[in-house]
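Observations on the model geometry
The residues making up each chain are set out below.
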Amino acid sequence: MENNKIAVGLDIGTTKIVAMIGRKNEYGKIEVLGIGKAKSLGVKRGVVNNITQTIQSIQQAVEEAQSVSGQQIDDVVVGIAGQHIRSLHHSDYITREKSEEVINANDIENLVSQVHKLVMLPGEEIIHVLPQEFKVDSQPDIKEPIGMYGGRLEANFHVVVGQVSSIRNIGRCVKSAGLSLADITLEPLASASAVLSQEEKEAGVALIDIGGGTTDLAIFKDGIIRHTAVIPFGGNVITEDIKEGCSIIEKQAELLKIKFGSAWPGENKDTEIVSIPGLRGREPKEITLKNLSKIIHARVQEIIEHVYLEIKNYGHETQKGKLIAGIVLTGGGAQLKHLRQLVEYITGMDVRIGYPNEHLAGDSDEALSSPAFATAVGLLMEGLQKEGHSEEVRVEEKEEVVATTTMEEEEVLEEIPEEKEQQAKEKTKSIFEKFTKRFTEGFKEFLDNAE
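Everything in this summary refers to the structure shown in the same document.

Reading the values: rules and limits
- Residues numbered from 1 in each chain as written.
- Predicted model: local features only at pLDDT ≥ 70, side-chain atom pairs only at ≥ 80, totals over all residues.
- Heavy atoms only, no water.
- Buried < 20%, exposed > 50% of the residue type's maximum accessible area, 1.4 Å probe, protein only.
- Helix = DSSP H or I, 4+ residues; strand = E, 2+ residues; numbered from the N terminus.
- Arc of directions from axis to C-beta.
- Contact = heavy atoms within 4.5 Å.
- Pairing = 2+ DSSP bridges.
- Axes fitted to C-alpha atoms, helices over the stretch in contact; angles between N-to-C directions.
- Salt bridge = Lys/Arg side-chain N within 4 Å of Asp/Glu carboxyl O.
- Parallel < 35°, antiparallel > 145°, perpendicular 65-115°, else oblique.
- Left-handed = near helix turned anticlockwise from the far one by under 90°.
- Nonpolar A, V, L, I, M, F, W, Y, C, P; charged D, E, K, R; others polar.

Thoughts on helix H7 (residues 250-260)
Taken together, the buried positions of H7 are Gln 252, Ala 253, Leu 256 and Lys 257. One face of H7 carries all of its buried residues, which in axial projection span an arc of 135°. In H7, the exposed residues that point more than 90 degrees away from the buried face are Lys 251, Leu 255, Ile 258 and Lys 259. The elements touched by buried residues of H7 are helix H6 (235-246), strand E15 (273-276), strand E16 (285-288) and helix H8 (289-314).

Rendered as structure tokens:
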């Protein structure tokens, strides 16, 4: 591992924009060299609604990160989210002309290209096409079809869709801030990289990332992403409710939520009162913490019920789709007191708070392990892994060519079944990475053409 390889994650959120510079140390952990934060003024519910303000906020965050780290930032890994993101499931198939030859990577690419031609609603674009299980002829539930014989190749796909204009605006802001896109990924996927273990992804887990403007959901099962959704509510809606319910200004409402807020009204006594200073010499306001918790509880319950409906739509209540690892909460909103208990009560599932500290070096600033930085850490991880992944894919592609040109493969693999299993896992991984990489290249081309 090269210690001098540096990457930058840029999280363009609704409440804050974070630029995080880092590299891997000799133990493979992430050493954060610098972090820059700026108030996000031009983004609402994950969608850019003021280009100029967003560019200024990005530049401010990047300049702060540069001055802290002493590093020059040129290219960044950016996350996309927002209320315009939706996902759908689609099945498609191709009939192979040469069924006497084994299935190779080109066949899978042809199948994926066919899915990319799906007709979307006006103004929408397919962002990600992720294969789930494959089916060769009549044999279902195949994870890795490469090297098999078959005339008909079929697959289930998880297709993520977003609005062209919203995606283009994010690209425009990054480029206008003097930066280039090294990579781009879905924010729920980045957060998942930072806080979920491989065991959880295998067992089945729902990641709920509660941000300022949106709540992102990503469901994993058998190590593969199965469902994504963006709920257009987040922490800002809770603040807005406190502001209206207590007749105070937004800044005071936010401070109240952070310092005294709780998602469980039963925890507060009627006698617990907090005094809010009045405006311009007016009398201070007295607010009971029980009333404050009731306001928060009502809105949080609504958000969680929305998310739980998505989890049920995925099929959590079926035997095959059961999420054994339960729910992981992350994002700034996950820091709300007693939220974990409320989510457990509403869903009946195991719940834990996801911290990104597992991947950070031991001497990292404690503030960086906050759930609020999960997406930024995940984007930084994506950037650091990108170069290594491309090398792995190249090596595996060579192995596939060798495999298709020799007939001794079957005999060798019969002798060493463990190696066969390991190779299959690695090849499956490379398929998903290949399609993510191809999406990035296509996205950059799309942005260049849009200009």
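Focus on helix H4 (residues 187-195)
In terms of residue burial, H4 counts as a mostly covered element, since nine of its nine residues are buried. The set of residues buried in H4 consists of Glu 187, Pro 188, Leu 189, Ala 190, Ser 191, Ala 192, Ser 193, Ala 194 and Val 195.

A look at the sheet that holds strand E2 (residues 16-24)
The strand order E3-E2-E1-E6-E11 describes an open sheet built from five strands, whose pairing is mixed. Among the strands making up the open sheet, the edge pair consists of strand E3 (30-39) and strand E11 (180-186). Ignoring which end each strand starts from, the neighbouring axes of this sheet average 20° apart. Alignment of strand E1 (residues 6-12) against strand E6 (residues 75-80), held across two bridges, turns out to be parallel.

Comments concerning the pattern of salt bridges
One side chain can pair with another of opposite charge once the charged atoms of both are near each other. What the rule picks out here adds up to 12 salt bridges. Of the charged contacts, one joins Glu 31 and Arg 23 as a salt bridge, the two residues approaching to 3.5 Å between their closest N and O atoms. Close ionic contact of Arg 340 with Glu 344 constitutes a salt bridge, the shortest N to O distance being 3.2 Å. One end of the pair, Arg 340, and the other, Glu 344, are both in helix H9 (residues 339-347), four residues apart, so they sit about a helical turn from each other.

Digging into the packing of H6 against H7
Packed helices, taken two at a time, are described by their axes: the angle between them and the distance between them. Contact geometry of H6 with H7 gives a least axis separation of 8 Å together with a crossing angle of 115°. Classed by the angle they form, the pair H6 and H7 counts as roughly perpendicular. Every pair of crossing elements has a handedness; the one defined by H6 and H7 is right-handed. Across the interface between the two elements, Gly 235, Ile 238, Thr 239, Glu 240, Ile 242 and Lys 243 of H6 pack against Glu 250, Ala 253, Glu 254, Leu 256 and Lys 257 of H7. Here the residues of the contact of H6 with H7 sort into four nonpolar, two polar and five charged.

A word on unusual backbone geometry
Although it is not a glycine, Asp 137 adopts a positive phi angle of roughly 55°. With respect to the secondary-structure elements, Asp 137 resides in the loop between strand E8 (124-136) and strand E9 (139-142). Owing to a relative accessible area of 39%, Asp 137 belongs among the partly exposed residues under this scheme. With phi around 55°, Ser 247 is a residue other than glycine that occupies positive phi space. Structurally, Ser 247 can be placed in the loop between H6 and H7. Residue class for Ser 247 comes out exposed when judged on its relative accessible area of 52%.

Structural notes on the sheet that holds strand E13 (residues 215-221)
Strand order in the open sheet formed by five strands is E14-E13-E12-E17-E18, and the pairing between neighbours is mixed. Strands with a single pairing partner mark the edges of an open sheet, and in this sheet they are strand E14 (224-231) and strand E18 (351-353). Taking the axes of each pair of neighbouring strands and ignoring which way they run, one obtains an average angle of 20° across the sheet. Alignment of strand E12 (residues 205-210) against E13, held across six bridges, turns out to be antiparallel. Of the residues in E13, the one forming a bridge with Ala 206 is Ile 219. The sheet strands contacting H4 are E12, E13, E14, strand E17 (327-330) and E18, and the helix crosses E13 at an angle near 60°.

Overview of the pairing of E14
Buried residues dominate E14, accounting for eight of its eight residues. Two strands pair when backbone bridges link them, and E13 and E14 are joined in this way by seven bridges, in the antiparallel orientation. By the bridge assignment, Thr 215 is partnered in E14 with Ile 231. Hairpin connection of E13 to E14: two residues between the antiparallel strands, including Asp 222 at a positive phi of 55°.

Topic: the environment of Met 349
Secondary-structure assignment places Met 349 in the loop between H9 and E18. Remark: the alpha-carbon pair of Met 349 and Leu 323, spanning 26 residues in sequence, is separated by 8.6 Å. Apart from the residues within four sequence positions on either side, Met 349 is in contact with Tyr 308, His 316, Leu 323, Gly 326, Ile 327 and Glu 344.

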